[in-house]
Amino acid sequence: MKINTFYKAVAVSRWVTALVFSLTISLTVEAQQSYSIQFENTSTVAALKQVQSLKNVKLSYNPDLFDQASVVNKSFKNESIDNIISEILPREFETKKRGNYYIIQKRKLEKTPKDFLVAGQITDATTGEIISGVSVYEVNELTPTLSNQAGEFDFTVSSKREYITVAVSKENYLDTVLTINTRSSLENQIVLQPKKEKKLKIEMDRFNIDTQWFVNFFTPSETMKHSKNVKFKEVRPIQLSVIPGVSTNGKLSSHVKNMFSFNLISGYNAGIHGVEIGGVYNILRKDAVGVQVAGFGNTIGGKVNGVQIAGFINTASKDIEGVQIAGFNNVTADSISGAQIAGFSNVSKKVEGIQIAGFSNVSSDRIDGLQVSGFSNFAKNNIDGIQLSGFHNSSKNLNGVQLSGGVNTAKDVDGLQLSGIVNTAEKINGMQMTGIVNRAKSMDGFQFGLINIADSLTKNSGTFGLINISKNGKSEIGLEYSDFMDATLSFRSGGYSLYTILSSSFEWRGEDPLLAGGFGIGTQLNYTPKFYNSFEISAHQIWDIYDSRASQDLNLMNRFHLNFGYSIAKNLSLNAGPVLNIYVTKIYDEETGKYGNIRETVGRFETIEDDVYIGMWMGFNVGLRF
């Protein structure tokens, strides 16, 4: 067994400590594609057209704003598109990225803002049909509006610029960007071009962030529509919100990653790279790096690298590297490397680390570590570690330990199953121990239980219990005579390396017949197909059938057998050998002054300690087994 759970738990604790102390937040720089391009006496507008011809580059600008006499003489090698654009633009221009577009506009010139009405109607470029639910917004403000059922929209922009840039976005349509002169308000007829590629089907399951009940409860439908329509990323150092939509990031908060986020009631953002604190509920559409704390719940639509702490529930749609702690339930749709700790249940795909729950743990893949629950643990595939539960453990293949108060189930086990009621497995390489029933199809090891069942036992396997059943193990009835009693009927069952013995012995001596019930264990060594040798230990309580008082006292015969056997036929063998008898009794006959009620023997070693008689002598045993 390869059980490294202790070390994994230590590693997780170190990781968490290091994470907390490392949150002097540094922002990750996204990798960009590199380009090489050269300009010689090229006008600014011509240079922009040349840049726009590059792969995966889309620009939006008004060429009339540029001085035609302005030229560019620069050479770039393996540079990012951001650096190239900033170098070739005159100083009075700036760039913003919205969706797939780089929007080029003049910097603020006027001192006094001017209110400007933007209105229009949106239709499909292919069918001419009106389009409702389209997000329209000025690129410098995160305050979008949605087109109504008639495809119409209007909103007011306060701007210091001569021109404003308006973005129009709709799910499954190409983004459209308009540059509008603020000197006059215009009615705009806008057509959107459908995307050529097939519409992506949203996976409607409980782990998709758009289908989760808590997300829909806390987030206005308008905000969720904007999050699906608009495609851009922005990073801000701080965000404050009351509820989604009422935020310093406006209605497009779902596209902004924050370094610090505080949500009085709930928040709806793109991600965090630092710390997020919510009074009730935190929602992130993408990844989280750092710490997320909420009074009720946290939901993340991407990966987690850090810690989630909630009073009730934590959910994540992708991998987790870190810790989830919840008062009720933790859920991750993918794998977790770290720890899940919940008051009721944990759900994950692959687990590398620890799951601890008050009621149940579920892994839809494999476990490499530890599951601890008050009621049940379940792993769909393999476990390399430990399952510990109050009632039930279940897995496919187990390399480690299953420990439960009730039932353990597994397919292949390389290790130990220990339960209060039942252990079941198809193949065991190790041990099963239970209070009632062990069941295995193939057993290479040992079973200890009241009832042990194995379809097949290997040569060195054994079973220990009152009833042992195996197709290729030992199952014999014996009829024996010995110096102890006249007749003994015995039943041996289990493996050849370890089996158990149940016996009843009788002796008729005039008016005082005796009865004895015995239990023992034995092991058998086969020399040839005919000859074998067995060593057995058994204990027998002796009762006087007509003397109930004497039957209540200690009256125990302990026997150590060395048997030699010969197989006469397939299911018939002759056995005989010496026996060391140790007789322990408290029965005393005042009339005769003798201890015990068994027959007299010669060569006894005798001693009496505290009214307990101990006698020892050599005897014999002979019998037939079939």
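Please read all numbers here as calculations on a predicted model, not as lab measurements.

**A closer look at the sheet that holds strand β5 (residues 101–106)**
The mixed open sheet is built from three strands, whose spatial order is β2-β5-β4. Each of the sheet's edge strands pairs with one partner strand only, and the pair in question is β2 (58–60) and β4 (93–98). Ignoring which end each strand starts from, the neighbouring axes of this sheet average 25° apart. Looking at chain direction, β4 and β5 are connected through six bridges and run antiparallel. Bridge assignment links arginine 98 to a residue of β5, and that residue is tyrosine 101. Relative to β5, helix α3 (residues 81–88) is tilted by about 20°, and along the sheet it contacts β2, β4 and β5.

**Notes on the environment of leucine 515**
As for its placement among the helices and strands, leucine 515 is situated in strand β44 (residues 514–526). We classify leucine 515 as partly exposed; its relative accessible area is 29%. Along the primary structure leucine 515 and isoleucine 542 are separated by 27 residues, whereas in three dimensions their C-alpha atoms are 5.8 Å apart. Every residue in contact with leucine 515, bar those within four places of it in the chain, is listed here: Met485, Ser505, Phe506, Gln541, Ile542, Trp543 and Ile545.

**Overview of the packing of aromatic side chains**
Enumeration over the complete set of coordinates arrives at 26 aromatic pairs. Centre to centre, the rings of phenylalanine 359 and phenylalanine 375 are 4.9 Å apart; their planes meet at 0°, and the pair counts as stacked. Taken together, the residues phenylalanine 359 in the loop between β27 (351–357) and β28 (360–363) and phenylalanine 375 in the loop between β29 (367–373) and β30 (376–379) connect sequence positions 16 residues apart. Judged by relative accessible area, phenylalanine 375 falls into the partly exposed class, the value being 35%. Taken together, the ring pairs in this structure connect Trp213, Phe214, Phe217, Phe218, Tyr281, Phe296, Phe312, Phe328, Phe344, Phe359, Phe375 and Phe391 into an aromatic cluster. If you follow lysine 474 out to its NZ or CZ, it ends over the ring of tyrosine 499, 5.1 Å from the centre. The ring of tryptophan 617 has arginine 604 sitting right over it, with the charged end atom 4.4 Å from the ring centre.

Cut-off values and rules
- Residues numbered from 1 in each chain as written.
- Predicted model: local features only at pLDDT ≥ 70, side-chain atom pairs only at ≥ 80, totals over all residues.
- Heavy atoms only, no water.
- Pairing = 2+ DSSP bridges.
- Helix = DSSP H or I, 4+ residues; strand = E, 2+ residues; numbered from the N terminus.
- Axes fitted to C-alpha atoms, helices over the stretch in contact; angles between N-to-C directions.
- Contact = heavy atoms within 4.5 Å.
- Buried < 20%, exposed > 50% of the residue type's maximum accessible area, 1.4 Å probe, protein only.
- Phe/Tyr/Trp six-rings, centres within 6.5 Å; stacked < 30°, edge-to-face > 60°.
- Lys NZ or Arg CZ within 6 Å of the ring centre and 35° of its normal.

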